[in-house]
Number of protein chains: 2
Amino acid sequence: MVQGRRDNPDGRERLVRTAFALFAEKGFDSVTVRDIAAASSVSVGLINHHFGSKDGLREAVDEFFIAQFEDAITDAAPQGLSATQDPAELIDAWIERHAEDWPTIVAYFRRALLEESDWGFSLFQRFYGFVQSTVMRMDAAGQLAPDVDRLWLPFLMMYLELGTMVFDPYIKRVLGRSGYDRELWQRRHRAYMTLIRRGASSRRAGG
Amino acid sequence: MVQGRRDNPDGRERLVRTAFALFAEKGFDSVTVRDIAAASSVSVGLINHHFGSKDGLREAVDEFFIAQFEDAITDAAPQGLSATQDPAELIDAWIERHAEDWPTIVAYFRRALLEESDWGFSLFQRFYGFVQSTVMRMDAAGQLAPDVDRLWLPFLMMYLELGTMVFDPYIKRVLGRSGYDRELWQRRHRAYMTLIRRGASSRRAGG
DNA sequence: ATCGGGACTGAACAATTGTGCAGTATTTCA
DNA sequence: TGAAATACTGCACAATTGTTCAGTCCCGAT
């Protein structure tokens, strides 16, 4: 009974899914309870019935987002075949699999980061913890150049990832398609790796 | 008469300056005309008297921001002494000079970028044009490594700059002070230059 | 002195938005 | 089948917000 069926969900679940998409697209404040109710084909009152308030709905949607997000990233390794696969192909397959839900997840993440809530901060902090420990591990393994700033590097690496997320609406307008589109996304990832590893300068100019 | 005096400005100018600060701090939608009027010690009606609407005020504030911004960055080269100066000292002096107004300018820029208005897009686009042409010049001069992605590099460079701007509220909470604070700002700039030039990997690990 | 125009006020207004609630429909369980 | 619980409706309400406007204040020109 608690199990939401994707095909014919009840009012509560439809509210959460619709609100998730609307919040991701327009931001929490720009979406009215009437918008959500109409898009979910339920009445306004149902929101307060199930969630107490619009903020209550937000909490439920936040949880839904976390679940969606973890579903997506946990799914990194495909079922049967494993070590034999080419990493690039794995990424390709992953992108293929999440072509539908990933853009909304990213857009919601973006909104959460930009509204300066405590919750957004906790997302930022978690990501920071992850990147920073990765950098520290690299450092311990001697993989980091000695003159690299240990304080800023994690943030700069985050900016490269989060910038892709935050400024994607502008990428869409400049390049005509999302940076999360298959080919672009892959190119960006390679460009990111190259930049981190070797910088952008040619050998003779660098230094 | 049109000249606004900083010491005792009239209602119109006080409205613009106050709204500038408030929009930068909270964002356009989160500031009410009553907030602005109260903080400016004028009545609500005066906003519509001078600017026609809240959106009219926004346009005036946008212009004010552009002027402030250009004032600040045009001021890069100090008056008398020039070529003899150490670049680091120049930057130091600049930061010193704009310690008061720069944070608000940055915060307003940030808001403008994050509200997905056409105006915000034009700011993004202008910045992109600048960075892209810089990259193209570097490329023409043979300063760019051959395997660097020419499409993404300008965006990644922008993300490093804009990320500093957009995520500064979180930097404040993680590090306890703004990334635009003198010493941090300088370190960040050096870390940025190092990353672009050589990447982060040590020689033996890189490649 | 006074007349005119612009700066300025603040109460009133309409639109929007979140919430409360009384009532109805539907499901669940004995 | 019947009754209680739960899902759901939709109108009414209060609060907020941008805007309007009739009127006041103040300064400069005649």
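Heads up: the structure comes first, above all this text.
Residues numbered from 1 in each chain as written. Chains lettered and ligands numbered in written order. Predicted model: local features only at pLDDT ≥ 70, side-chain atom pairs only at ≥ 80, totals over all residues. Heavy atoms only, no water.

Colleague: Would you explain the overall build of chain A in this entry?
Modeller: In terms of helices and strands, chain A carries 10 helices and 0 strands. Of the regular secondary structure in chain A, the N- to C-terminal order runs α-α-α-α-α-α-α-α-α-α. Relative to its full complement of 207 residues, chain A shows a buried share of 44%. Pairs at least 24 apart in sequence give 59% of the contacts found in chain A among residues at least 6 apart. (Helix = DSSP H or I, 4+ residues; strand = E, 2+ residues; numbered from the N terminus. Buried < 20%, exposed > 50% of the residue type's maximum accessible area, 1.4 Å probe, protein only. Contact = heavy atoms within 4.5 Å.)

Colleague: Help me understand the protein's contact with DNA strand D, please; the structure alone is not making it clear to me.
Modeller: Every one of the 15 residues lining DNA strand D counts as a neighbour, but A:Ser43, A:His50, B:Val33, B:Arg34 and B:Lys54 are closest to it. The protein-proximal atoms of DNA strand D, defined as those within 4 Å of the protein, are 49% sugar or phosphate. Here a phosphate oxygen of DNA strand D and a backbone polar atom of A:Ser43 are 2.7 Å apart. Within the side chain of B:Arg34, an N or O atom sits 2.5 Å from a base nitrogen of DNA strand D. Residue assignment for the surface near DNA strand D shows that the elements contributing at least two residues are helix 1 (11–26) and helix 3 (45–51) of chain A together with helix 2 (33–39) of chain B. Element by element, the count of residues in the surface near DNA strand D is highest for helix 3 of chain A, at 4 residues. Along the lines of polarity and charge, the residues of the surface near DNA strand D split into 4 nonpolar, 8 polar and 3 charged. (Near = heavy atom within 4 Å. Polar contact = N/O pair within 3.5 Å; in protein donor to acceptor, adjacent residues only side chain to side chain. Nonpolar A, V, L, I, M, F, W, Y, C, P; charged D, E, K, R; others polar.)

Colleague: It is not clear to me how the packing of helix 4 (residues 54–74) of chain B against helix 7 (residues 118–140) of chain B should be interpreted in this structure. Could you clarify?
Modeller: If you want to describe how two helices pack, look at the angle between their axes and the distance between the axes. Residues and elements named next belong to chain B. Where helix 4 contacts helix 7, the axes come no closer than 13 Å and their chain directions differ by 20°. In terms of orientation, helix 4 and helix 7 fall into the roughly parallel class. In terms of crossing hand, the pair formed by helix 4 and helix 7 is right-handed. Residues Asp62, Phe65, Ile66 and Glu70 of helix 4 touch helix 7, and the partners they reach there are Trp119, Leu123 and Arg126. (Axes fitted to C-alpha atoms, helices over the stretch in contact; angles between N-to-C directions. Parallel < 35°, antiparallel > 145°, perpendicular 65-115°, else oblique. Left-handed = near helix turned anticlockwise from the far one by under 90°.)

Colleague: Is there a simple way to think about the relation of the copies chain B and chain A in this case?
Modeller: A rotation about some axis, followed by a shift along it, carries one copy of the chain onto the other. You can overlay chain B on chain A at an RMSD of 0.1 Å; the transform is a turn of 180° with a shift of 0.0 Å along its axis. Both chain copies can therefore be described as sitting about a two-fold axis. Within chain B, the C-alpha atom positioned nearest to the axis of rotation is that of B:Gly199, 1.8 Å from it. Of the residues that chain B buries at the interface, 100% are likewise interface residues in chain A, meaning the two copies contact each other through the same surface. (Least-squares fit on C-alpha atoms with pLDDT ≥ 70 in both.)

Colleague: Quick question: what am I supposed to make of the packing of aromatic side chains here?
Modeller: What characterises a pair of aromatic rings is the spacing of the ring centres plus the angle enclosed by the ring planes. A complete count under the given rule lists 34 aromatic pairs over all chains for this structure. Seen from their ring centres, B:Phe20 and B:Tyr108 are 5.1 Å apart, and the 40° between their planes marks the pair as tilted. Of this pair, B:Phe20 sits in helix 1 (residues 11–26) while B:Tyr108 sits in helix 6 (residues 102–114); the two residues are 88 residues apart in sequence, bridging distant segments of the chain. The residues B:Phe20 and B:Tyr108 share a single accessibility class, namely buried. Plain terms: the ring middles of B:Trp152 and B:Phe155 are 5.8 Å apart, the flat faces sit at 65° to each other, and that makes the pair edge-to-face. Here B:Trp152 and its partner B:Phe155 are both found in helix 8 (residues 152–166), 3 residues apart, which amounts to about one turn of the helix. Side by side, B:Trp152 and B:Phe155 carry an identical accessibility label, which is buried. Members of the aromatic cluster, each reached through a chain of ring pairs, are A:Phe20, A:Phe64, A:Phe65, A:Phe69, A:Trp94, A:Trp102, A:Tyr108, A:Phe109, A:Trp119 and A:Trp185. The aromatic ring of A:Phe28 is capped on one face by A:Lys54, whose charged end is 4.3 Å from the ring centroid. (Phe/Tyr/Trp six-rings, centres within 6.5 Å; stacked < 30°, edge-to-face > 60°. Lys NZ or Arg CZ within 6 Å of the ring centre and 35° of its normal.)

Colleague: So what exactly am I meant to see when it comes to the protein's contact with DNA strand C here?
Modeller: Close to DNA strand C lie 15 residues; A:Val33, A:Arg34, A:Lys54, B:Ser43 and B:His50 are nearest. Among atoms of DNA strand C positioned within 4 Å of the protein, sugar and phosphate together represent 52%. The contact in question runs from a base nitrogen of DNA strand C to an N or O atom on the side chain of A:Arg34, over 2.5 Å. Contacts to DNA strand C include A:Lys54, whose backbone N or O atom sits 2.8 Å from a phosphate oxygen. Mapped onto the surface near DNA strand C, the elements with two or more residues apiece are helix 2 (33–40) of chain A together with helix 1 and helix 3 (45–51) of chain B. No other element matches helix 3 of chain B, which puts 4 residues into the surface near DNA strand C.

Colleague: Is there a simple way to explain the pattern of salt bridges in this structure?
Modeller: Two side chains of opposite charge can pair, provided their charged atoms sit close to one another. Residue and element names in this part refer to chain A. As enumerated under the stated definition, the model contains 28 salt bridges over all chains in all. The salt bridge partner of Glu13 is Arg17, with a shortest N-O separation of 2.5 Å. Here Glu13 pairs with Arg17, and both are found in helix 1, just 4 residues apart, close to one helical turn. By relative accessible area, Arg17 is classed as partly exposed at 24%. The structure contains a network of salt bridges with shared partners spanning Asp55, Arg58 and Glu115. (Salt bridge = Lys/Arg side-chain N within 4 Å of Asp/Glu carboxyl O.)

Colleague: Mind showing me how you'd approach the side chain of B:Thr164 here?
Modeller: By the element assignment, B:Thr164 lies in helix 8. A distance of 3.3 Å separates polar atoms of two side chains, one belonging to B:Thr164 and the other to B:Arg188.

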